[in-house]
Amino acid sequence: MDAAARAWFASRTWQSAGWTVAELVAAKGSRTVSVVLPALNEQATVAGVIASIAPLVPTLVDELVVVDSGSTDATVEVALAAGARVVHRTDVLSDLEPLPGKGEVLWRSLAATSGDLLVFVDSDLVDPDPMFVPTLLGPLLLEPDIQLVKGFYRRPLSTEDSGGGRVTELMARPLLSVLRPELAGVIQPLAGEYAGTRRLLEAVPFASGYGVEIGLLLDAHERVGLPGLAQVNLGVRRHRNQPLAALGVMARQILSTALARCGLPAAPGALTQFVQVADEWLPDTAAVPTADRPPMRQLRPSPSLPRPR
Ligand SMILES: O=c1ccn([C@@H]2O[C@H](COP(=O)(O)OP(=O)(O)O[C@H]3O[C@H](CO)[C@@H](O)[C@H](O)[C@H]3O)[C@@H](O)[C@H]2O)c(=O)[nH]1
Ligand SMILES: O=C(O)[C@H](O)COP(=O)(O)O
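Residues numbered from 1 in each chain as written. Chains lettered and ligands numbered in written order. Predicted model: local features only at pLDDT ≥ 70, side-chain atom pairs only at ≥ 80, totals over all residues. Heavy atoms only, no water.

Under an unreviewed UniProt entry, the name given to the chain is Glucosyl-3-phosphoglycerate synthase, and the source organism is Actinophytocola xinjiangensis. In its Sequence similarities (unreviewed entry) section, the UniProt record describing the chain reads: "Belongs to the glycosyltransferase 2 family." (UniProt positions renumbered as here; feature names shortened; annotations may be inferred.)

This is how it looks when you write it as structure tokens:
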């Protein structure tokens, strides 16, 4: 590993959380926390994710919001019944036509919430540990310099105990080791479970699709350096595993965002995959949107918040 990455790993990796919820509530002081669950057709899992976090409201967590990404199933009804506030992506910044994708709803969530600290948790998690949110918040609440905290975990795949995180292992971490070796110590760069300061998150652009995590990591690194980043062990994370073809499109989005952040050219967003029809293999080309949203602060100046470094 790169020497800077090794030093960062040694000093900014929490292999276990050494804090309790009560200690975090005491350390929180006047700061406020928003937890955001992005959701696209997650009626099977969203209630379980909400239930794992709801007991923290209103002590450690001040607001728990599901940001719906245009679900056509019963996600919204299930989330409301489970006690969450639900924001539709067009409820905020409604003069802007929504772009498709997860990054778009995370970006809009900045306008839909008010916490000084934000925690993002995917809503397709299966049996999430109730300590995910307190564990992610620990370094932000207890260490003054930290601005972005990524979760890491063991990742089961289907019925196997491990082997998940296919895009992470086959593309994201190899890519970082080439383009940004200082970040080679990040165990789960694509983790959908992470926390950050509003000060940082409103100062950086958001990729509108699946590039959002790699983009935030690269931009956060540029902005606050390795000392501003941390990672915490969340234990085990199970989620709805997507088919390989869908992960190909995801990987293409992540690659485009990473190249753009590193100042490298990328062809416009499309990916051709090949499908077998009877005895023939035929091309199937999907558009891969790779647009960015600008830093939220450019749209909504918030003078009460400290300026970014
Ligand atoms: O257009 C979309 C697509 C997804 N989601 C939600 O985003 C979360 C993660 O999406 P998913 O399709 O389950 O992604 P994963 O296959 O889990 O992909 C991994 O890698 C992605 C790329 O870095 C990250 O965004 C994910 O958080 C991470 O878990 C889920 O709650 C989805 O409902 C949306 O809100 N809108
Ligand atoms: O994060 C990833 O690498 C992708 O979401 C794929 O995850 P999976 O292999 O666990 O489905």
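Okay, back to it.
A. Up close: the pairing of strand β4 (residues 85-88). As defined by bridge partners, strand β3 (residues 63-68) adjoins β4 across four bridges and the pair is classed as parallel. The residue of β4 that forms the bridge with V66 is V86. Read as a crossover between parallel neighbours, the route from β3 over helix α4 (residues 75-81) to β4 is right-handed. (Pairing = 2+ DSSP bridges. Helix = DSSP H or I, 4+ residues; strand = E, 2+ residues; numbered from the N terminus. Right-handed = clockwise from strand over helix to strand, strands pointing away.)

B. Representation of the packing of helix α2 (residues 21-28) against helix α6 (residues 132-142) within the structure. Contact pair α2 / α6: the axes reach a minimum separation of 10 Å and the direction vectors enclose 35 degrees. Here α2 runs over α6; the crossing is left-handed. Each of V21, L24, A27 and K28 in α2 lies in contact with α6, whose residues at this interface are P134, L137, G138, L141 and L142. Partitioning the contact of α2 with α6 into residue classes produces seven nonpolar, one polar and one charged. (Axes fitted to C-alpha atoms, helices over the stretch in contact; angles between N-to-C directions. Left-handed = near helix turned anticlockwise from the far one by under 90°. Contact = heavy atoms within 4.5 Å. Nonpolar A, V, L, I, M, F, W, Y, C, P; charged D, E, K, R; others polar.)

C. View of the packing of aromatic side chains. Summed over the entire model, instances satisfying the criterion amount to two aromatic pairs. Aromatic pair W14 and W19: ring centres 6.1 Å apart, planes at 70 degrees, arrangement edge-to-face. With respect to burial, W14 and W19 carry one shared label: buried. A centroid spacing of 5.2 Å and a plane angle of 65 degrees characterise the contact between F120 and Y194, whose relative ring orientation is edge-to-face. (Phe/Tyr/Trp six-rings, centres within 6.5 Å; stacked < 30°, edge-to-face > 60°. Buried < 20%, exposed > 50% of the residue type's maximum accessible area, 1.4 Å probe, protein only.)

D. The arrangement of the side chain of D122 in detail. Considering the arrangement of structural elements, one finds D122 in the loop between β5 (117-120) and β6 (125-126). A relative accessible area of 12% places D122 in the buried class. Within the structure, the side chain of D122 is placed 2.9 Å from the side chain of R237, a separation counted as a polar contact. When neighbours within four sequence positions are excluded, D122 is seen to be in contact with P38, V49, K102, G192, E193 and R237. (Polar contact = N/O pair within 3.5 Å; in protein donor to acceptor, adjacent residues only side chain to side chain.)

E. Spatial organisation of the pattern of salt bridges. Tallied over the full model, the rule gives 15 salt bridges. Here E213 makes a salt bridge to K102, at a shortest N to O gap of 2.7 Å. Of this pair, E213 sits in helix α9 (residues 212-224) while K102 sits in helix α5 (residues 102-112), and the two are 111 residues apart along the sequence. Residue classification places E213 among the buried positions, given a relative accessible area of 5%. What you see here is one network of salt bridges that share partners, running through K102, D122, E193, E213 and R237. (Salt bridge = Lys/Arg side-chain N within 4 Å of Asp/Glu carboxyl O.)

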